[in-house]
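# Structural overview for review
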Amino acid sequence: MKVAVVTGASKGIGRAIAEALAKEGYSLALGARSVDLLEEFSKELEENYGVKVLNSHLDVSDPQSLKEFAGAVLQEFGGVDLLVVNAGIPMGGRLDEVSDEDMERVFQVNALGVWRTIKLFLPSLKERKGTVAVVTSYISTMILANAGAYVASKWAARAFTKTFQAENPEVKFIELRPGMVDTYFYGRPGRKIEEGFMKPEDVAELLVALLKLPKHVLVEEVLFRSVY
Ligand code: NJP
């Protein structure tokens with residue numbers, strides 16, 4: 001039975017990925033700050049798909065929280081085959097108007113959180129020749145006015161991902177770069193596909209398809225969006 005870890009699994013893309021992986025029979029370790037949501041979701045997955053689910057409070061901007069999460073996961077499952085590094089937050093505003101606190105917050109979650117999460121699970125992933133899927137963004141190589149803090153944090157997440165790959169060829173690193181997805185990222189979900197939004201399930205379906213490719217194939221990154 002393969003073991004997958006999903007960060008930011010309480011809502012949106014992470015939740016959809018967790019459900020898709022449960023359907024594929026993965027044992028799951030789910031982390032996020034909303035423990036009530038995680039608790040309810042885990043029960044649902046266990047009942048519907050008969051898989052084992054560990055859920056735990058996780059704040060990826062807090063190194064201690066990440067250490068405790070990784071420790072609990074490795075103790076429960078003994079190792080990890082797939083790590084989905086998904087937790088992330090938006091941050092708008094002109095660069096000359098973003099506060100120091102907001103800049104630090106977005107980097108702690110979207111950039112340092114990615115580095116720390118991968119670092120903690122890397123020994124196990126190397127041992128199992130596992131896969132890391134990092135949800136960055138379509139903007140991880142682009143520039144967007146009024147979103148500079150977010151964009152820079154995703155460039156950093158991309159750089160961490162690619163460097164981990166260069167240093168650890170025995171692990172597969174996939175950078176997922178979605179366009180707009182209808183999640184809590186834009187407030188409350190409910191946006192239409194015709195408005196240019198994908199569904200979180202679209203991202204999950206793509207990842208599952210990538211995981212089914214032959215072992216010798218490495219897809220380094222996927223940039224994908226709604227056709228509208
Ligand atoms: O957003 P949302 P998405 N520690 O808000 C968790 C990227 N992306 O699914 O902690 C741990 O529905 C949060 O859980 P909670 C985006 O940058 C999106 O769209 O309980 N977890 C929730 O489960 C991000 O990297 C779009 O609040 C933390 C999840 O993260 C990823 O997709 C486009 C946390 C966020 O769910 C998932 O975002 C794109 C923390 N400190 C890239 N902070 C898009 N939606 O259009 C948050 O290019 N979470």
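All of these numbers come straight from a predicted model, not from anything done at the bench.

The rules we used
Residues numbered from 1 in each chain as written. Predicted model: local features only at pLDDT ≥ 70, side-chain atom pairs only at ≥ 80, totals over all residues. Heavy atoms only, no water. Helix = DSSP H or I, 4+ residues; strand = E, 2+ residues; numbered from the N terminus. Polar contact = N/O pair within 3.5 Å; in protein donor to acceptor, adjacent residues only side chain to side chain. Contact = heavy atoms within 4.5 Å. Near = heavy atom within 4 Å. Areas by Shrake-Rupley, 256 points an atom, 1.4 Å probe, with all protein chains shown as cover. Pairing = 2+ DSSP bridges. Axes fitted to C-alpha atoms, helices over the stretch in contact; angles between N-to-C directions. Buried < 20%, exposed > 50% of the residue type's maximum accessible area, 1.4 Å probe, protein only. Right-handed = clockwise from strand over helix to strand, strands pointing away. Salt bridge = Lys/Arg side-chain N within 4 Å of Asp/Glu carboxyl O. Phe/Tyr/Trp six-rings, centres within 6.5 Å; stacked < 30°, edge-to-face > 60°. Lys NZ or Arg CZ within 6 Å of the ring centre and 35° of its normal.

## Examining the side chain of Asp81
Relative to the assigned elements, Asp81 resides in the loop between α3 (63-77) and β4 (82-85). Within the structure, the side chain of Asp81 is placed 2.8 Å from the backbone nitrogen of Val3, a separation counted as a polar contact. Look past the residues within four positions of Asp81 in its chain and what remains in contact with it is Met1, Lys2, Val3, Leu125, Arg128, Gly130 and Thr131.

## Here we look at the site of the ligand
In the neighbourhood of the ligand, 31 residues make up the surrounding shell, with Arg33, Ser34, Ser137, Pro178 and Thr183 lying closest. In this structure, an oxygen atom belonging to the ligand sits 2.8 Å away from a side-chain N or O atom of Ser10. One nitrogen or oxygen atom from the main chain of Ile13 is found 2.8 Å from an oxygen atom belonging to the ligand. Relative to its unbound accessible surface of 890 Å², the ligand loses 97% to contact with the protein.

## Some details on the sheet that holds β4
If you trace the seven strands from one edge of the open sheet to the other, you get β3-β2-β1-β4-β5-β6-β7, paired in parallel fashion. The open sheet is flanked by β3 (53-57) and β7 (221-224), the only strands paired with a single partner. Put simply, the sheet's adjacent strands are angled 15° from each other on average, direction ignored. Across three bridges, strand β1 (residues 3-7) lies against β4 in parallel orientation. Following the sheet pairing, Val5 is matched in β4 by Leu83. The strands that helix α1 (residues 12-23) touches are β1, β2 (27-32) and β4; relative to β1, the one it contacts most, it runs at about 170°.

## Some details on the pairing of β1
Moving residue by residue along a regular strand, the side chains alternate between the two faces of the sheet. Counting buried positions over the five residues of β1 gives five, a clear majority of the element. A two-sided burial pattern is seen for β1, the buried positions comprising Val3, Val5 and Thr7 on one face and Ala4 and Val6 on the other. Two elements, β1 and β2, share five bridges in a ladder whose sense is parallel. Bridge pairing in β2 links Ala4 to Leu28. Note on the crossover from β1 through α1 to β2: the handedness is right-handed.

## Considering the pattern of salt bridges
Within the structure shown, the criterion is met by 12 salt bridges. We note a salt bridge from Arg128 to Asp81, for which the minimum N-O separation is 3.0 Å. Of this pair, Arg128 sits in helix α4 (residues 100-128) while Asp81 sits in the loop between α3 and β4, placing them 47 residues apart in sequence. The exposure class of Arg128 is partly exposed, given its relative accessible area of 32%.

## What to know about the packing of aromatic side chains
Per the stated rule, a full pass over the model turns up six aromatic pairs. Their ring planes at 80° and their centres at 6.3 Å tell us that Phe69 and Phe121 sit as a pair that is edge-to-face. A residue pair is termed long-range when its members are at least 10 positions apart, and Phe69 in helix α3 and Phe121 in helix α4 qualify at 52 residues. Judged by its relative accessible area of 0%, Phe121 falls in the buried class. Members of the aromatic cluster, connected to one another through ring pairs, are Tyr150, Phe185, Tyr186 and Phe197. Here the basic side chain of Lys11 rests over the ring of Tyr184, its NZ or CZ set 5.8 Å away from the ring centre. Directly above the aromatic system of Phe41 lies the positively charged group of Arg15, at a separation of 4.1 Å from the ring centroid.

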